[in-house]
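Listed below, chain by chain, are the residues.
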Amino acid sequence: MRIRLGVAAALIVAFVPSAVAAPGPSLGVMRAKLADALEDEVRANRLLLRSPPRTGTARLLLERSLGTLRELRGPAGSPPGNSHAANRIDHAIANDIRALAGISSGRRYDAFYGLSRAFDFKRAALGFLQTPRPAAPQCADGRDNDGDGTVDAAFDSGCASSKDGTERSPLAFRFEVTRDGLVATIEGATSGPISRLQITVPSGSVLDTTQPPQVGFSLGCRYLSARQLDCLMKDGRANPRHRVFARLRFREGFASSFRVRVSDVAGRARTQTLTPPAALAADLHVEARIDSAFLGSNGVGRVGGTVVVTSLGPAESTPFKLVVSSNRIDSARAAEFVFLDCMQTPTGVTCPGLSVNRGIELAFAWGMPVSGAGLLTVRFEMQSDTTDPQPANNVAEVSVDLKPSP
């Protein structure tokens with residue numbers, strides 16, 4: 001009887017289908033979902049960079065990205081052979097949570113750091129979800145050949161291109177900085193893809209944080225302070241030549257050096273210190289004269305003359321500004337210049353000018369209304385970002401004693 005029961009039990013077991021784990025999503029599906037999460041994060045980053053930031057919409061996009069990542073790590077997520085991708089997704093989830101907490105509490109750096117690190121981990125995970133391609137160069141075979149946590153030419157900084165036979169090429173870079181007045185331009189290239197670009201200037205230099213920086217191949221940049229810029233960069237697919245271009249404007253104290261730091265998706269960083277070329281030097285000179293002065297019997301008249309701007313070299317000057325003031329503020333605020341568009345200031349007008357080559361002389365006719373007898377003094381001052389070895393001759397004053405006509 002025992003034997004019969006055992007056989008019956010065996011038969012019952014044979015006819016009950018065994019529990020089979022639901023197959024995980026295909027690599028293509030996982031790649032598509034992860035790409036959607038990346039796109040949501042890029043849009044959230046751009047919204048946070050607006051002035052004022054669109055924190056509400058950005059938070060919704062990040063929450064959706066976080067939901068997508070958690071779905072990928074659910075029971076059906078992480079198919080066999082993708083433990084590396086799963087690990088990166090876990091790190092991305094943790095950093096998305098940090099970014100959301102930073103947005104909610106107004107901690108700007110926590111939000112930015114969480115975003116940037118989550119972005120790197122998502123990109124690394126995307127690299128691990130590639131289909132391996134046999135007999136391809138290491139930088140195009142879909143494998144992490146050097147074990148650094150990144151895959152192929154889109155993400156691995158050891159890849160100069162998809163034709164590179166090794167992922168172990170050292171990351172090299174070369175940058176140069178040029179100066180145009182208070183504007184610095186940093187240009188160069190890296191040997192492989194980078195994920196972040198940071199530019200730091202020394203104490204005493206102040207970046208103009210009211211002006212958005214111009215950074216090529218970036219997904220968004222933030223001023224972490226008046227001395228530091230931090231940018232998320234596009235991958236090797238979007239920037240296959242790994243170019244770097246950044247233009248910054250200073251509010252004061254042009255930097256004596258620039259520290260440029262590049263980081264790859266794996267978090268490895270390299271730094272280069274750049275020294276800008278010496279500032280341009282041009283001895284600017286201004287002269288002024290009164291050509292006519294008239295005051296009617298009613299006490300109303302007009303004064304006019306000529307102002308001459310000269311560059312004595314040796315270099316070309318950057319565009320100058322002509323600042324005009326007078327002991328009669330109302331007259332100075334109404335001053336007019338031929339070929340110059342002037343803007344009123346509390347004490348007179350400021351007129352943007354032109355660059356001046358060595359030996360060039362520019363003459364402008366000016367005039368202003370006057371009322372009342374007495375001394376009129378007009379002051380003309382040139383201002384330029386160009387270094388001037390003799391700033392004393394950047395100021396000219398003219399005067400006239402106004403008397404009513406009979």
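Let me begin by describing the structure that accompanies this report. (Residues numbered from 1 in each chain as written. Predicted model: local features only at pLDDT ≥ 70, side-chain atom pairs only at ≥ 80, totals over all residues. Heavy atoms only, no water.)

**Side note on the pattern of salt bridges**
Pairing between side chains of opposite charge can happen when the charged atoms of each approach one another. This is how the line gets drawn: A pairing counts as a salt bridge when a side-chain nitrogen of Lys or Arg comes within 4 Å of a carboxyl oxygen of Asp or Glu. Accessibility here uses a 1.4 Å probe with only protein chains present; expressed as a share of the type maximum, an area under 20% marks a residue as buried, one over 50% as exposed, and anything in between as partly exposed.
Under the definition given, this model contains 17 salt bridges. For the salt bridge of aspartate 110 with arginine 107, the shortest nitrogen-to-oxygen distance reads 2.6 Å. Its salt-bridge partner being glutamate 381, residue arginine 379 comes within 2.9 Å of it at the nearest N-O pair. Judged by its relative accessible area of 30%, arginine 379 falls in the partly exposed class. The class for glutamate 381 is partly exposed, based on a relative accessible area of 23%. Linked by salt bridges that have partners in common, Glu41, Asp96 and Lys122 make up one network.

**As for the sheet that holds strand S13 (residues 321-326)**
What counts, and what does not: Following DSSP output, two strands are said to pair if at least two bridges run between them. Segments assigned H or I by DSSP are reported as helices when at least four residues long, segments assigned E as strands when at least two residues long, and all are numbered from the N terminus.
Pairing within the open sheet is antiparallel, and its five strands lie in the order S15-S16-S13-S18-S19. Pairing within the sheet leaves two strands with one partner each, and these edge strands are strand S15 (343-344) and strand S19 (395-402). Relative to strand S16 (residues 348-352), S15 is paired through two bridges, and the arrangement is antiparallel. Bridging across to S16, glutamine 344 finds its partner in valine 349.

**Comments concerning the sheet that holds strand S3 (residues 196-200)**
Worth spelling out the cut-off: For every element, the axis is a line fit to its C-alpha atoms; helices are fit only across the contacting stretch, and the angle between N-to-C directions ranges from 0 to 180 degrees. Whether two residues touch is decided by their heavy atoms; if any such pair falls within 4.5 Å, the residues are in contact.
In space, the five strands of this open sheet follow the order S6-S7-S3-S9-S10, with antiparallel pairing throughout. Looking at strand neighbours, the two that pair on one side only are strand S6 (218-225) and strand S10 (269-274), the edges of this open sheet. Recorded for the sheet is a direction-independent mean angle of 15 degrees between the axes of neighbouring strands. Pairing analysis gives five bridges linking S3 to strand S9 (residues 258-263), with the strands arranged antiparallel. Pairing of leucine 197 across the sheet is with valine 262, part of S9. Together, S3, S6 and strand S7 (228-233) form the strand contacts of helix H5 (residues 108-128), whose direction differs from that of S6 by roughly 150 degrees.

**A short note on the pairing of S9**
It is a general feature of regular strands that their side chains alternate between the two faces of the sheet. Summarising the sheet, S9 and S10 pair through six bridges and their orientation is antiparallel. Opposite arginine 259, over in S10, you have threonine 273 as the bridge partner. Here S9 folds back onto S10 in antiparallel fashion, the turn holding five residues, of which glycine 267 has a positive phi close to 90 degrees.

**Brief notes about the environment of threonine 386**
Mapped onto the elements of the fold, threonine 386 is located in the loop between strand S18 (374-383) and S19. Considering only alpha carbons, one finds threonine 386 and aspartate 283, 103 residues apart in sequence, at a separation of 8.9 Å.

**Observations concerning the packing of aromatic side chains**
Formally: Pairing of aromatic rings covers Phe, Tyr and Trp, the last through its six-membered ring, and needs centres within 6.5 Å; plane angles under 30 degrees mean stacked, over 60 mean edge-to-face, and all others mean tilted. Look at NZ for Lys and CZ for Arg. If either is within 6 Å of the ring centre and within 35 degrees of the ring normal, a charge sits over the ring.
Scanning all chains against the criterion turns up six aromatic pairs. Where phenylalanine 250 meets phenylalanine 254, the ring centres are 4.9 Å apart and the plane angle is 50 degrees; that geometry is what we call tilted. Across this residue pair, the class does not change: phenylalanine 250 and phenylalanine 254 are buried. Pairing phenylalanine 254 with phenylalanine 258 gives two aromatic rings, centres 6.0 Å apart and planes at 70 degrees, and the pair type is edge-to-face. On the basis of relative accessibility, which here comes to 15%, the residue phenylalanine 254 falls in the buried class. Here the aromatic cluster, defined as three or more aromatic residues joined through ring pairs, consists of Phe250, Phe254 and Phe258. The ring of phenylalanine 254 carries the charged tip of arginine 179 above its face, separated from the ring centre by 4.0 Å.

**Comments concerning the layout of surface pockets**
Let me state the cut-off plainly: In this analysis a 1.4 Å probe is tested at points of a 1 Å grid over the protein atoms alone, and where it fits but cannot get out there is a cavity; an open set with protein on both sides within 12 Å along at least five of seven lines is a pocket; lining residues have an atom within 4 Å of a point. Grid points are joined across faces, edges and corners, and a volume is the space filled by probe spheres set on the points. In this count, Pro and Cys sit with the nonpolar residues alongside Ala, Val, Leu, Ile, Met, Phe, Trp and Tyr, while Asp, Glu, Lys and Arg are called charged and the others, Gly among them, polar.
There is about 680 Å³ of room inside the largest pocket. The wall of the largest pocket is formed by 27 residues, among which Leu48, Leu49, Arg50, Cys221 and Arg222 lie closest to the centre. Looking at the lining of the largest pocket, the elements with two or more residues in it are helix H2 (27-49), helix H4 (83-105), H5 and S6. Broken down by element, the residue count for the lining of the largest pocket peaks at eight residues, all from S6. In terms of residue class, the lining of the largest pocket is built from 13 nonpolar, ten polar and four charged. Of the pockets and cavities examined, the second largest pocket occupies roughly 350 Å³. Residue lining of the second largest pocket: 15 residues in total, with Arg249, Thr318, Pro319, Lys321 and Asp385 positioned closest to the centre. Partitioned by chemical class, the residues of the lining of the second largest pocket number six nonpolar, five polar and four charged.

**Considering the state of the cysteines**
A covalent bond bridging the sulfur atoms of two cysteines is what the word disulfide describes. Put simply, the rule is: Any two cysteine sulfur atoms lying within 2.5 Å of each other are counted as a disulfide.
If you walk through the whole model with that rule in mind, you get three disulfides. Each disulfide pairs two cysteine sulfurs, and for cysteine 221 the partner residue is cysteine 231, the sulfurs being separated by 2.1 Å. As the torsion about the S-S bond is roughly 115 degrees, the cysteine 221-cysteine 231 disulfide counts as right-handed. In this pair, cysteine 221 sits in strand S6 while cysteine 231 sits in strand S7, placing the two residues ten residues apart along the sequence. Take cysteine 221 and cysteine 231: they sit in the same class, and that class is buried. Paired through a disulfide, cysteine 342 and cysteine 351 show a sulfur-sulfur distance of 2.0 Å. Between cysteine 342 and cysteine 351 the sulfur-sulfur dihedral comes to about 105 degrees; the bridge is accordingly right-handed. Accessibility expressed as a relative area gives 0% for cysteine 351, which makes it buried. Each bonded cysteine of the protein is numbered by sequence order, and under that numbering the disulfide pairs are 1-2, 3-4, 5-6.

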